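# Topology and contacts: notes
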Amino acid sequence: MNSDVQIAGDPLAIPHLLPPVPAHPSTVSAFAGLARTIAADRDGWAPLVQYDATSRWYHRLRTGPGYEVWLLSWVPGQGSGAHDHGRSSGVLTVLQGELTERVGTRGARHALHAGAQRVFAPGYVHDVVNDALEPAVSLHIYFPGLTEMPLHPTQSAELPAGAGADALGVLGG
């Protein structure tokens, strides 16, 4: 008796019979869209959130080809300190509450409410803090995946030399 494979052939050799390979983000706007999709799935991320009064809480939510997604919580007063993300670009999306991002030589402040997004290129230096009275939750996507997060000793975060306005941006919010 012949098997289905003997009759039809190897289904892996027939690409049109395979389910489509899920696309993964390859542009800044696609990563921002992925962040918005994850943000909209509150039932998927909200039960995972924890709050820690001594340190920012974080959880790697998922990984994909060359990128990773992190969920962070911030109680009032918690901050990241001035830092960059090494060779990684990223998208920061506020899911709940409000965060303040400080950037530039004069510490320019950006109030980030739920739904706001910030995008950044490698070497972008910033400081993120919860200046509000309520806890906040944020989502961070890094491409390539985060391998370093050097802290910077300066009080105000600065852009690296040669990084213009195209090194950062605000989406939505």
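Presented here is an overview of the structure given in this document.

What counts, and where the lines are drawn
- Residues numbered from 1 in each chain as written.
- Predicted model: local features only at pLDDT ≥ 70, side-chain atom pairs only at ≥ 80, totals over all residues.
- Heavy atoms only, no water.
- Salt bridge = Lys/Arg side-chain N within 4 Å of Asp/Glu carboxyl O.
- Helix = DSSP H or I, 4+ residues; strand = E, 2+ residues; numbered from the N terminus.
- Buried < 20%, exposed > 50% of the residue type's maximum accessible area, 1.4 Å probe, protein only.
- Phe/Tyr/Trp six-rings, centres within 6.5 Å; stacked < 30°, edge-to-face > 60°.
- Pairing = 2+ DSSP bridges.
- Axes fitted to C-alpha atoms, helices over the stretch in contact; angles between N-to-C directions.

### A few points about the pattern of salt bridges
Within this structure, the stated rule accounts for five salt bridges. With a closest N to O distance of 3.8 Å, arginine 102 and aspartate 127 form a salt bridge. Residue arginine 102 is found in strand β4 (residues 98–103), and its partner aspartate 127 is found in strand β7 (residues 127–129); the two are separated by 25 residues along the sequence. As a salt-bridge pair, aspartate 131 and arginine 102 come within 3.9 Å of each other at their nearest N and O atoms. Of this pair, aspartate 131 sits in the loop between β7 and β8 (136–143) while arginine 102 sits in strand β4, placing them 29 residues apart in sequence. For aspartate 131, a relative accessible area of 43% translates into the label partly exposed. Connected via shared salt-bridge partners are Arg102, Arg109, Asp127 and Asp131.

### Looking at the packing of aromatic side chains
For any pair of aromatic rings, geometry is given as the distance between the ring centres together with the angle between the planes. With the rule as written, the count across this model stands at five aromatic pairs. On the basis of an interplanar angle of 35° and a centroid distance of 5.3 Å, the ring pair of phenylalanine 31 and phenylalanine 143 is categorised as tilted. Of the two residues, phenylalanine 31 is situated in helix α2 (residues 28–40) and phenylalanine 143 in strand β8; the sequence distance between them amounts to 112 residues. A residue is classified by how much of its surface remains accessible, and phenylalanine 31, at 7% relative accessible area, is buried. We classify phenylalanine 143 as partly exposed; its relative accessible area is 37%. By way of ring pairs, the aromatic residues Phe31, Tyr67 and Phe143 are connected into one cluster.

### Describing the pairing of β8
The element β8 is extensively covered by neighbouring structure, given that seven of its eight residues are classed as buried. Pairing analysis gives seven bridges linking strand β2 (residues 67–74) to β8, with the strands arranged antiparallel. For tryptophan 70, the partnering residue across the bridge sits in β8 and is histidine 140. Judged from the seven bridges that link them, strand β3 (residues 89–96) and β8 form a sheet pairing that is antiparallel. Bridging across to β8, glycine 90 finds its partner in tyrosine 142.

### Remarks on the sheet that holds β7
Taking strand neighbours across the sheet as the criterion, the three strands line up as β5-β4-β7 in an open arrangement whose pairing is antiparallel. Strands with a single pairing partner mark the edges of an open sheet, and in this sheet they are β5 (108–113) and β7. Ignoring strand direction, the axes of neighbouring strands in this sheet form an average angle of 25°. Bridge analysis of β4 against β5 gives six bridges, and the strand direction is antiparallel. Along β5, the bridge assignment pairs leucine 99 with leucine 112.

### As for the pairing of strand β6 (residues 117–120)
Burial along β6 is two-sided: the face carrying Gln117 and Val119 and the face carrying Arg118 and Phe120 are both buried. Note: β3 against β6, four bridges, orientation antiparallel. Among the inter-strand pairings, glycine 90 is bridged to a residue of β6, identified as phenylalanine 120.

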